[in-house]
Structure formats: structure tokens, C-alpha cells
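Architecture at a glance
Residue-level listing of the chains:
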Amino acid sequence: MTQRAKIDTGDDTTAAPEPPVVHRVDGLTSAEVAERVARGEVNDVPLRSSRSTTDIVRGNVFTRFNAIIGVLWVVMLCVAPIQDSLFGFVIIANTGIGIIQELRAKKTLDGLAVIGEARPTVRRDGAAVEVSTSAIVHGDLIELGPGDKVVVDGEVAEADSLEIDESLLTGEADPVVKKPGDRMMSGSFVVAGGGAFTATKVGREAYAAQLAEEASRFTLVHSELRSGISTILKYVTWMMIPTALGLVVSQLFVKDDNFKDAVARTVGGIVPMIPEGLVLLTSVAFAIGVVRLGRKQCLVQELPAIEGLARVDVVCLDKTGTLTEGGMDVTELRPLGGADEAYVRKVLGSLGESDPRPNASLQAVIDAYPDSEDWRCTQALPFSSARKYSGAAFSEGNGESSSWLLGAPDVLLPAGDPALAEIDRLNEQGLRVLLLARTTRELDSADVARDVRATALVVLEQRLRPDAADTLTYFADQNVAAKVISGDNAVSVGAVAGKLGLSGAENTIDARRLPTEREEMATALDAHTVFGRVTPQQKRDMVGALQSRGHTVAMTGDGVNDVLALKDADIGVSMGSGSEATRAVAQIVLLNNSFATLPSVVAEGRRVIGNITRVATLFLTKTVYSVLLAVLVVCSQVEYPFLPRHLTLLSTLTIGVPAFFLALAPNKERAKPHFVKRVMRYAIPAGIVAGAATFATYLLARHHYSGAGALDAETSAATLTLFLVSMWVLAIIARPYTWWRIVLVASMGGAFLLVLVVPWLQDFFALKLVGTTMPWTAVAIAAAGGVVLEFAWRWVDRRFPA
């Protein structure tokens, strides 16, 4: 059974360049562990699920636009009343909100990461104990079983048909058989068999320490939303620099005005060009999404995974552990060829005892058939996803020897075997069938499964997840294609999918008949829904084939056979009870093991993307009209119409407050690509209309008013037009209307009206409408601008469809 290599103990910390590896069968003692901890020989790689507090504060405070606004704020504090410095206080408040929300997300993620953290089994003082990954020390003897991830570098001490997948490190998909003395690399994982290895390199010395750290870290990595906003900000910056310089020259040198007032109006023209709240609001929306999902026991290991799942149009589901619960029950035993049932029960009981780490199928056999004490296992062949069977050789109590295989009937039996017809009938009922077969060959022989003698059928019933049907219905309603990809028999998988109401479940295909060429495989995948007898490498190939057709693919799974596909999929989703390897490579871990949580993740992603697209239009409309106004002012050689206080008020009422509520509102609209195009096609015409209408009002007011206070009256009229047009943009963005959206828009209008009628607010914001002719003219121009907006919006929809 288990092979063990025992070497005389000695000091493993000699000064030699390559000290001999000491394998201790009983592991280290508590005293030796304490000694190594004191020497710092611990696995101290900081596995984090979130950014540090310092990184969060730095990321929110030290931004390019905060630096620009900070300088302008200091200037305004020196030359103008406090009213014109309000924009600085708004930025401080916004930044504080962003930090608080990310810290909330950090707390949620850190708490969930502790729940989902891998806990390797090590041997200490002769006993097997679970410890955290960071508690492993140099020289620890670490036990391994199927699905376990190798967390530090080491050397194999014990091997029982141990097969390691090193594909995440080397790219080679074939498992590597390990024997005592072979090297183990962190980042690999066990696909079959078991054993133990001695840790030789821990912490940052380990080969894949950085890989392990990155796999579990909360990161603001690439996403279309973030890259789109970065692209927009890059162009805004280049557009803003020459415009701002022209405005500075115009206001400070061309016009012979009061210096402080000229500075104030220059700053008033530069500040609104910066869409400073857009990045902040995106971070807040993501962070709140993480907190919301965290409450549902969903660990988002990478923020853009929320966005990515919302863009998914194909979800590949592994049947076992996703559509069905992990456990199974033996419902029937059918001896074949006149085999004695009592003898068959003895064989099955002994097979169950031969595997120290049984999978779900073998566990059901163990539960149904007790071990025969007079049988002794002489050799074991662990189950492998690639083989589809396991096996063992026994010395029976009467001195006879026999070798047995237990696995997929259609793999062990030749095509056309009479037993396969009966097996197909059972599979059509959604039952899982294992074949017990006797072999005359050695278990380590490459053709061990050839010419086996069928002895019995073990019929298993799988437990369907009660929430799986509703989840599949949700995906169908959202036009997300579900593909069931399983290593089980295709007919059986199709029957299970059919019970859950999956459309196309009857259209099954055996993956062994799938073409290997990517384009042909993609065609077959589009045409079928349920795939059986899929190997781990095929799962990976199928994900790649779907992606080659432009699909955004999510893959769910919980076993080691899913790791390669999870890694290559656009979004990998692992069950919390899944293997360490699957949890390490997945972007989303469902800690409650509930497939029904996925719709919540999709909905959260759609809320974030849809709403950020809406509010980005508001922010960039402001940038466009600010740049246009600055250009018109420079070309016309007139005073800039606004002070910073005016645009702070407008930004708060037409963008800041509404955007916060709109960004967090429910939104079930399916995520669409081309974020930059979709935002700019509305922001550019809206900004042009707002800027042109405002400047037209300003020029008319300059001809209408004269004498002392004329500039304040002109500014007030222009502010009224700009506010009304901006409110019209907000009203369009807020569609379709609900009661709270109507209240939101109305309350913003009411707040501006309050400023116009309350005397001390008029003085504070320097807004006072003079006469009736010009104010009503401003309203009329704004109304005309609104009509143009409506036509422009419809024209854009027809001319540049998203």
C-alpha cells in the first residue's frame, strides 16, 4: 500500500550549499517546530485577500487629478472667498467615502478569506494535524491527497501512486508520477494517489510563492470598465492641458481685470474639466458590490470578476458538485455473468478500504459495503479523471489473489458489449453506473483495462441541488447559454440536466467523439448542450474553442479535473468545498457551495457596469461643456462666466449627488461591450449642446446688462441655462423612471430653486437673477437646448447603435 522512505535523522540546517533532505516518518516534534519558528524558517508569504490599508489610502488620495485639484484648491484658498474653495472640500469628502467603502470591502474579504483558506495536513509529534499555510516550517512533513495543492517546495518522502499536475507552472498538461526523492514544486497539485513530502523551501524561497500570493489577492486588475475609464481620462488630460493654458493666458494677461477675480475665474474654468468623481465612484461601486456578495458567502478574489461574470454569455457547468450535491447513494447492485453477490460485496468493501482518500462515488460504495477484514490490499491504483477508473489487487483470506477495476463501464468495456445496453437504460434515468471488473494484468500496466471480465454493476443515485433548476432558468432568461461538461456518461448527464429543465438536455454528445480541431470543436459546442466523458484537457480545449468564437466564458467546478479549464476561462467559479487547487485559480469562490449564488454575482456585475455607464455620461458631459466653454471664452476674449462656487453647485446637484444614487441602484440590463464608445456617443453631443446654449445665454446677457454688477447678472443667467440643460441630461440618464428617480431629479431642481430664492444662499453662491427678460430668455434657450438634446439622443441611437 503506502510506500515510505525513512532516512536516519540528522541536522538539516548544515552550512553545506545543498544539505541532505531528512525525511521523518513521524514529522517534526513541537520543540523542533518552535525552534524553526524562532529561526524564522516559516512560510511567511503574505497571502492576502485584499489590498493593505496603506495601499487603499494611497490609491484613493494620491491620484493625478487629486494632485491637480489640490494645487488649484491651495491657490483659491489664497486669493478668493471660501465659497470658491468648496470644490476642495467636496474632493476630500469623496476621497474619504472611497477609502471607507474600500476598507469595508477589505474587512469583508479578509473575513471570507479566512473561511476559504487552504489548511494543509502536516505530521507533527506522530499525529496528522491541520495548520494554516503560513504555519508550515522548514522540514515539516506534509500529507497530500487528490485535489491538494503543493504549498511549498519539497522532496517526496512517501508516494502511493502519486500523480502531480504541474501545468500551472510548466504548461505541460500530462500528470507527473512522483516517487520518493523526487522534487515537489509549489503551485502544482495532486490529481491522483497520495503521499507526503518534506518541506525544503518555505516562504519567499519557494518556487511559486508569488504565484500562490497572486492567486488569492484582491487586485484592481485589468477590466474593460477600468481600462475604458483610463482611456477616457488619458484623452481628457491631453485635451485639458492646452485648453487650460489658453484660459490662463486669456484671463490673466489679455483682460486687464482684478487679478484675484481673474485667478478665480481661471480656476473656475479648469476644475470642471476634471471628471474626478468618475474613478472614485467606480471604486465605490465595486467595493459595495464586494460587500453585498460577501454577505451571501461569495468571495470575490479579483474585483473585475464581478464585471466579467456580468459580460458572460456562456457558462460551462461541471455536473458533480454544481448541478448535483457531492454525496451519492448506492441504490442497486447487479451481479453479471452469474457472479456471487456475497463475493461481489466483499470485493467492493475491500476496494473502498484500499483508497484512503475516496471520491464521492467510492464513498457511496464504502457506506454501502463494509470492509472484509480477511482481505489484504497488495497494490492500489487511485482514481484518475483521465483514466475514469480506479483499482486494487488483493490477497484474499483463502490465499487466492485477484485484481479488480471499478469505473466507467463505457471505458472498461468494448463497444457493443451486451452489458452496455442495460447501462444505457439506467443512464437515461439519470442514474450513475459503475462497473466492477476483474483484470488479469498488473495494475501498473498500460493496458490493465484490456480484456477485463465484467462482474457487477453498481447503480448510484445522485442528489440534485434543490436550487439548480431555478438558477438554470435564470441563465436562460438572461440569454446566457449553459453547457454541461462532465466526466460522467453523456446519457446520464443529459438525464440529470433534463430533470432540472435545461433546454437542449436531450441533445447530448460523448466528448470522445468531439473533433480535436478548434474550429470544428467550436461548431459542435454551439450545436450541443450536454457533454459527457470529457477529460480535463478537453475541458480546457472546449473553453478555448468557445472563446475563439467571441464568447465570454465562465467555468464552474470543484474538482482537480476542472483546474485547467477554470484557469483559462474568462471567469473561474469554484465551490468552497472544492479542492485547494480549484479555489486557488478561481476568481470567485462560492463559500456556501450554492450554485444559486451565481445569479446574485451576475446581477451585481450588471448593476455596476450599467450604472457606471450611466453616470460616466454625466461626468463626461461636464468635461465636454467645460472644455467647449473655455475654448469659446479664449476665442471671444471675454471673461470666463463662472466662479468655482457656481460650478461646484451645479456639479453637486446635476452630477455628484444623483450619480451616487444612480450608481448603486438596481440594474438588470445585460452588460454590453465598447464602454468608451457607448459613453462618448452621448457625452459629446450633450456637452456640445450644454456648452453652446450656455455661451449663447452669456453673450446675450453681456449685451443686455451694463454697469455695476453686470458680470454677476450675466453669470447668474448663464448658470440658470447650464443648470437647466444639465438637468435635462440627468432626466434622460435617469430613464426609465421609477418613483425614486423622479423624486431624485425633482429634489435636485428644488435645491437649485432654493438657492435662487433664499437671500443668504444668493449671496453665498453669488447668484441673483436680475429683471425678467434675461432670466426667461435663459429658460427659453435651455428649453431649446433640451429639445435638441432629445433629437440628438435619438439620432445617436440610430446612427451609432451600441
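Report on the accompanying structure. (Residues numbered from 1 in each chain as written. Predicted model: local features only at pLDDT ≥ 70, side-chain atom pairs only at ≥ 80, totals over all residues. Heavy atoms only, no water.)

Before going further, it helps to spend a moment on the overall build of the protein. Helix and strand counts for the protein come out as 27 helices and 22 strands. Dimensions of the protein along its principal axes, counting C-alpha atoms only, are 120 × 65 × 40 Å. For the protein, the proportion of its 802 residues judged to be buried stands at 57%. Within the protein, residue pairs in contact and separated by at least 24 positions form 73% of the contacts whose partners lie at least 6 positions apart. Accessible surface for the protein amounts to roughly 32,500 Å². Of this, 57% is attributable to carbon and sulfur atoms. (Helix = DSSP H or I, 4+ residues; strand = E, 2+ residues; numbered from the N terminus. Buried < 20%, exposed > 50% of the residue type's maximum accessible area, 1.4 Å probe, protein only. Contact = heavy atoms within 4.5 Å. Areas by Shrake-Rupley, 256 points an atom, 1.4 Å probe, with all protein chains shown as cover.)

Below, the discussion takes up the nonpolar core. When a protein is soluble and globular, its nonpolar side chains tend to lie buried together. Core analysis: the biggest nonpolar cluster contains 89 residues, and F87, I612, V615, F675, F752 and L789 have the highest contact counts within it. A per-element tally of this core places helix α21 (residues 598-636) first, with twelve residues. Setting aside residues up to four positions removed in sequence, F87 forms contacts with I69, L72, W73, M76, V267, V271, P644 and T648. A468, L472, A482 and V573 belong to the second-largest nonpolar core, a separate cluster that totals 37 residues. (Core = buried A, V, L, I, M, F, W, Y, C linked by side-chain atoms within 4.5 Å.)

On the surface, E353, D371, E373 and D374 cluster together to form a negatively charged patch. Tracing the chain through its elements places E373 in the loop between α12 (360-368) and β12 (376-381). (Patch = residues over 30% accessible without salt bridge, like charges linked within 9 Å, V, L, I, M, F, W, Y side chains within 5 Å. Salt bridge = Lys/Arg side-chain N within 4 Å of Asp/Glu carboxyl O. Lys, Arg positive; Asp, Glu negative; His and termini not counted. Charge placed at Lys NZ, Arg CZ, Asp CG, Glu CD.)

All right, on to the pattern of salt bridges then. Evaluation of the coordinates by the stated rule reveals 28 salt bridges. For E422, the salt bridge is made with R334, and the minimal N-O distance between the two is 2.2 Å. With E422 in helix α14 (residues 418-428) and R334 in strand β11 (residues 324-335), this pair connects stretches of sequence that are 88 residues apart. Judged by relative accessible area, which is 24%, E422 ranks as partly exposed. A salt bridge links D447 to R450, with the nearest nitrogen and oxygen atoms 3.8 Å apart. Accessibility expressed as a relative area gives 48% for R450, which makes it partly exposed. Counted as one network, the salt bridges with shared partners bring together E332, R334, E422 and R425.

Between R735 and the following residue, P736, the backbone shows a cis peptide bond with an omega angle of -5°. With respect to the helices and strands, P736 occurs in the loop between α24 (710-733) and α25 (739-757). In the Ramachandran plot, D125 falls in the positive-phi region, its phi being about 55° despite a non-glycine side chain. Counting through the fold element by element, D125 comes out in the loop between β2 (121-124) and β3 (127-130). In this structure, Q637 is a non-glycine residue whose phi angle is positive, near 55°. As for its position among the elements, Q637 is in the loop between α21 and α22 (644-663). For Q637, a relative accessible area of 32% puts it in the partly exposed group.

Between α21 and α22, the least distance of the axes is 9 Å, while the angle of their chain directions is 175°. With respect to their mutual orientation, α21 and α22 come out roughly antiparallel. Where α21 approaches α22, its residues R607, N611, V615, L618, F619 and K622 are matched on the opposing element by S651, T654, I655, A659, L662 and A663. Classifying every residue of the contact of α21 with α22 gives seven nonpolar, three polar and two charged. (Axes fitted to C-alpha atoms, helices over the stretch in contact; angles between N-to-C directions. Parallel < 35°, antiparallel > 145°, perpendicular 65-115°, else oblique. Nonpolar A, V, L, I, M, F, W, Y, C, P; charged D, E, K, R; others polar.)

Right, let's talk about the packing of α22 against α24 for a bit. Relative to each other, α22 and α24 sit at 10°, their axes nearing to 9 Å. Considering their axes alone, α22 and α24 lie roughly parallel with respect to each other. Residue-level contacts link H646, L647, L650, L653, T654, P658 and L662 of α22 to T715, T719, L722, F723, S726, M727, L730 and I733 of α24. Looking at the contact of α22 with α24 residue by residue, the class counts come to ten nonpolar, five polar and no charged.

On to the environment of G187. Take G187: it is sitting in the loop between β7 (183-184) and β8 (189-201). The class for G187 is buried, based on a relative accessible area of 12%. Remark: the alpha-carbon pair of G187 and A554, spanning 367 residues in sequence, is separated by 22 Å.

An order of β9-β22-β21-β20-β10-β17-β19-β18 is seen for the eight strands of this open sheet, with the pairing classed as mixed. Sheet topology places β9 (298-300) and β18 (508-510) at the edges, where each strand pairs with a single neighbour. On average, each strand axis in the sheet is inclined to that of its neighbour by 20°, with strand direction left out of account. In the packing of helix α16 (residues 490-499) onto the sheet, contacts are made with β17 (481-485), β18 and β19 (530-532), and the angle to β19 comes to roughly 145°. Lying over the sheet, helix α18 (residues 536-548) contacts β10 (314-317), β17, β19 and β20 (553-557), oriented at roughly 160° with respect to β20. (Pairing = 2+ DSSP bridges.)

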